[in-house]
Structure formats: structure tokens, C-alpha cells
Amino acid sequence: MEEKIKKEFEFTSSPHFHSKYSTGTVMWIVNLSLIPAVISGVIFFGLYQLVIIFTSIFFAILTEAIIQKILKQKITITDGSAFLTGLLLALTLPPNFSLSATAIGAVFAIAIGKQIFGGLGFNIFNPALAGRAFLQAAFPVEITTWTAPNYSVQSVSSATPLAAFKYDKVLTELKPLVVGNIGGCIGETSALAILVGGIFLIAIGIVNYRIPLAMIIGLFLFGGVFHLIDVTKFPPPSFHLFAGGFMLGAFYMATDYVTSPYTPKGMWIFGLGISLFIVIIRLFGGVPEGVMYSILLMNSFVPLINRYTIPKPFGMKE
Amino acid sequence: MKKPVSLTQEYIKGLWEINPIFKQILGMCPTLAVTVSAINGLAMGLATTFVLVFSSVIISSIRKIVPSQVRIATYILIISTFVTIVDLVMKAKFPELSKALGPFIPLIVVNCIILGRAEAFASRNNVLRSFLDALGNGSGFLIALLVLGSIREMLGTRTIFGVQVLPNQFTPWMVMILPAGAFITLGLLLGFANAFTKWQEQKNKKSVLVR
């Protein structure tokens, strides 16, 4: 009798619903969806950017393998997560960035950003952004040296649109911002290329729409309020939306499964919080761009957000 | 009764076994703040060791006549006397170093290592043992600060004690002489210290089993 019950009913602990995707599948699909961004980087800044991307990925995977080997863990470099960290890190670096510094950033991202916390699933901060933040602090000059894109009309100017606005109050037009032939990081300049990948990820259900949408709404809300207060001093929200690393941050960095809230309400709070900090840093901070710091800051709130936004089970009172 | 500890052991234990930085995690504030260079670390370590040794000796020698209700106030008074001596000597003899260390020399008064050793050791042991214990803890602190300062100075400015050790091709990591570098370096050092302790314990356990 007991045998029969066991055969017919599978006894397992929750969760009972499983995603059709494994971690590896998800990671590799995300990697593939970044191809347009990589292509845009190569088109605007030259083939050398591929070397930077390759270096970053190589050292990310190598570090992961070495640390897992030392700690006698299962080596999981084929699941694509270290690949993704390396790729995302490279896309946030300025064009023609030094290769040794790229390698240092990739090693830091994996070793300190991820493995020290216990590996994939345990890290508090987005590893790629942790690596980027370290490089920003370690090499403040090199990481803000921008190369002008090849096919730009005014290829002399090498300031990013955000820096141009912050220091000279020059507002870049929307069309180049969307297409991407502006100064900026390798994979961040073309909003269009990132949107293609991001919307693809949302469409097939890998990325939840809530965080990017909340970030865009928040950006229009907070950026719009300041723009209405003083039209000449503060840029319009559409500029905020397409300039700098907002697109890459919204679709790829903030939506990292490990470092974002898992409750629907929490996702909205998370997204809005990031946008609030982005607007504050961009308008009043000492640096032109604030997407990285905003996401890292909100990453640290994720456990708190998760705790206070647990959905009420159906039928439960109070 | 505990087994009596040998006099050498009294000194040795401060270097690693109960190292103030790596094992007791005390005195983090000056550790993180002043170790931008090896020379700063060395100066801070020496100043702290000086205060630690002399205050421990005095506290130990008067331990039987101080009423326990006012002992903390008495300790602080003794400690601050020596801190004042160090502060004034450094200002007179090494003005640049004194400027670099800034408020952290006067702040030795509230360094928890010193009060910790006074309360935990000097107030219960004789003068010789207190002297050795303070010297050991001071040396442990000094070594930790020196290591931390050297690593940060090497990566942050290519030099150790002002002598260039890394080639010019090496781009200095600015972050290392910023507060973030202190936290990262100290965190990694503590991690390695813990890993080493664990490895040592496992080795000891194995050798016991073999026997």
C-alpha cells in the first residue's frame, strides 16, 4: 500500500513549481541578448573593444575556476554566470581601457564581489558593478578617459553627454543618445542595442518587467519634477533615460536575480529607489553618472525590502 | 588553578595566538585610519606599544591599592599620561609624522587594546608578566599595522617606506590609500588569518589522531 502511494504521489518539500529554465540556460540566454550591445560597442569604438571584452571574460572565468578549485567546490564555470559578469563588466568600461586594469576589475568582481560571499546566489552586490566600482576607485583617471566614437559627426569631443551637461550645460540631442554615437562606455552608449536585448529578455520571461519599468517611471517622476522646477538647470527626463548607463543598468544590472528583491512589491520599491538615487547623484553629486552607485546602494537594501514586502497568503487575516 | 604559563609564552601569545588585530579584532579605528603608508603604521604601532607597556606596568604595580569602583578612571588617567608624553614628543621630534597621524595619537587613550589589556591582564598579574604581555600585544599590533600599511602603500603608491618597489609600468591603485582600500585589505587579511587558523587546527587534530 505504502509503496503504491509513494509511486503515485511524489513527496517533496516546496517549491513545487519549477522553472523550465536552468541557471545555465538563463545565463547563456542573457549573454546572447547582449550581442547587440557588443556589436554597437565595436561599431562605435573599434574592434579593439573585443579584446577588452575577451580579457574581462577570460579573467572572470579563470578566477571563478581557481577559487572553486581552492575551496574544493564544484567548478561551475560552464553555467555562464562568470561569463556574464565578465561581459557586463567589460561593457561598463570606457573604450580602449587598459587591459591589465580590466583583468584586475574582473578578478575583483568574481573574487570579492561574488566568491567571498559564498558564490552564485549568496552575493549581496552585483559582482560586475562591484568590479566596476573598484576600478572607479582604483583608477579614477583612466576610467573617465573617454574616446570619441569613430562615426561621430563631431569626433573631437570626447566628453560623455552626462559630463558635458554637468560641467558645461551642453544638452546632447536625443537621436545620438538613442543610437549611441556618443562618448561613453563600450556597451552603454547605444540605448537602442540594449533595448533590443532587454525587451527580448522580458518577452521570453527571463527578466521581470517590474524593475526596469519602475526605474523608468521613477526616472521620469523624479527627473521630471526637477526639470519642471528649473528648465535650464536640470535636464529633461528623456535625457536621463537615454544618457549614461541607465539602460544597461535597468535591464541587466538591477535585474540580477541574486541581488534584487523577489517580491513584486519589493521590485517596485527597488526600482523606484534606484531612480531616486540616480537623479540625486546626477543632478547634485560630485560625479556625472550615478547608475552604478545607485544600484549598489539599493542592492544593500534588498534583504530589508524582501523582509517587509512578503505577500500576504490568501485568506490570512492581519 | 590554571596551568602556569611560561614567561616566553606570555610574550609570544600576543604575536599571533591573541593578536589584537587578527584574533581579538580590537583597535580597528587607528588600524583602518592611519595605515595609508608603512611609516604611519610603524609610528602608530610604536606609539601604541609604548603607551601599552608603560601603562600596563604601572597599573600592574598599583593593582592592589586601587579600589575596584574607580579602577577604570584610574587606568584612563595613567594611560592618558603616557599618551600625552607620546603626543608631545612626536610633535617636537617628528612634526611631519605627528601631522600625518593627526588626532589618532591623542586617541590612543581610548584604544580598546590598552584598556583591554589593563582590565583583562595587568590588573590581575604581576609586573613582569604584565610587561611581557603588553610588549607581546604591542608587537602583535605593530606587526599587523606594518603589514597593512606596507600592502596599502605598495599598491597605492608603488613604494614601501618611500622606497619604490613596484615598476613604473604599474598603475597605482588609488583605492588602496582611500578608506575603502583599508577595509578591503583588512578584510582579506582577517580572512586569510582565519583560514590559516582553521587549517592549523585541522592539522593538529589529524596529528593527534595519528598518534
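Above this text you will find the structure in question.
Residues numbered from 1 in each chain as written. Chains lettered and ligands numbered in written order. Predicted model: local features only at pLDDT ≥ 70, side-chain atom pairs only at ≥ 80, totals over all residues. Heavy atoms only, no water.

1. Quick notes on the overall build of chain B
Move 1: Across its full length, chain B carries eight helices and two strands.
Move 2: Overall, chain B shows an N-to-C arrangement of helices and strands of α-α-α-α-α-α-α-β-β-α.
Move 3: With the C-alpha coordinates of chain B rotated into their principal frame, the extents come out at 60 × 60 × 25 Å.
Move 4: Residues counted as buried form 41% of the 211 residues belonging to chain B.
Move 5: For chain B, the share of sequence-separated contacts (at least 6 apart) that also reach a separation of at least 24 residues comes to 73%.
Move 6: A total accessible area of about 11400 Å² is found for chain B, and carbon and sulfur atoms account for 70% of it. (Helix = DSSP H or I, 4+ residues; strand = E, 2+ residues; numbered from the N terminus. Buried < 20%, exposed > 50% of the residue type's maximum accessible area, 1.4 Å probe, protein only. Contact = heavy atoms within 4.5 Å. Areas by Shrake-Rupley, 256 points an atom, 1.4 Å probe, with all protein chains shown as cover.)

2. Some remarks on the interface of chain B and chain A
Move 1: Residue-level contacts link eight residues of chain B with ten residues of chain A.
Move 2: Summing both sides of the interface, chain B and chain A together bury roughly 710 Å²; the carbon and sulfur share of this comes to 84%.
Move 3: Inspection of the chain B/chain A interface yields zero salt bridges.
Move 4: Summed over the shared surface of chain B and chain A, the number is two residue pairs in polar contact (both at pLDDT 80 or more).
Move 5: Broken down by class, the residue content of the side of chain B that touches chain A amounts to seven nonpolar, one polar and no charged. (Buried area = accessible area lost by both parts, 1.4 Å probe. Salt bridge = Lys/Arg side-chain N within 4 Å of Asp/Glu carboxyl O. Polar contact = N/O pair within 3.5 Å; in protein donor to acceptor, adjacent residues only side chain to side chain. Nonpolar A, V, L, I, M, F, W, Y, C, P; charged D, E, K, R; others polar.)

3. What about the nonpolar core?
A general feature of soluble globular proteins is that nonpolar side chains tend to end up buried together.
Move 1: Formed by 79 residues in total, the largest nonpolar core has its most connected members in A:Leu34, A:Leu91 and A:Tyr252.
Move 2: Setting aside its immediate chain neighbours within four residues, A:Leu34 contacts A:Leu84, A:Leu87, A:Leu88, A:Leu91, A:Leu248 and A:Tyr252.
Move 3: In terms of nonpolar packing, the next biggest core, distinct from the first, is built from 38 residues, B:Ala43, B:Leu52, B:Tyr75 and B:Leu190 among them. (Core = buried A, V, L, I, M, F, W, Y, C linked by side-chain atoms within 4.5 Å.)

4. Structural notes on the environment of A:Lys265
Move 1: With respect to the helices and strands, A:Lys265 occurs in helix H14 (residues 264–284).
Move 2: For A:Lys265 and A:Thr25, which are 240 residues apart along the polypeptide, the C-alpha to C-alpha distance reads 27 Å.

5. A look at the pattern of salt bridges
For side chains bearing opposite charge, pairing can occur when the charged atoms are close.
Move 1: Using the criterion set out here, one finds eight salt bridges over all chains in the structure.
Move 2: A salt bridge links A:Lys114 to A:Glu64; its shortest N-O distance comes to 3.0 Å. Residue A:Lys114 is found in the loop between helix H6 (99–111) and helix H7 (127–138), and its partner A:Glu64 is found in helix H4 (residues 48–70); the two are separated by 50 residues along the sequence.
Move 3: B:Glu119 serves as the salt-bridge partner of B:Arg71, at 2.6 Å between the closest nitrogen and oxygen. Here B:Arg71 is found in helix H4 (residues 71–93), whereas its partner B:Glu119 is found in helix H6 (residues 112–122), with 48 residues between them in sequence.
Move 4: Given the relative accessible area of 28%, B:Arg71 is considered partly exposed.
Move 5: The class for B:Glu119 is partly exposed, based on a relative accessible area of 23%.
Move 6: Through salt bridges with shared partners, a single network forms among B:Glu10, B:Lys13, B:Arg117, B:Arg129 and B:Asp133.

Any functional reading would require information that these geometric values do not contain.
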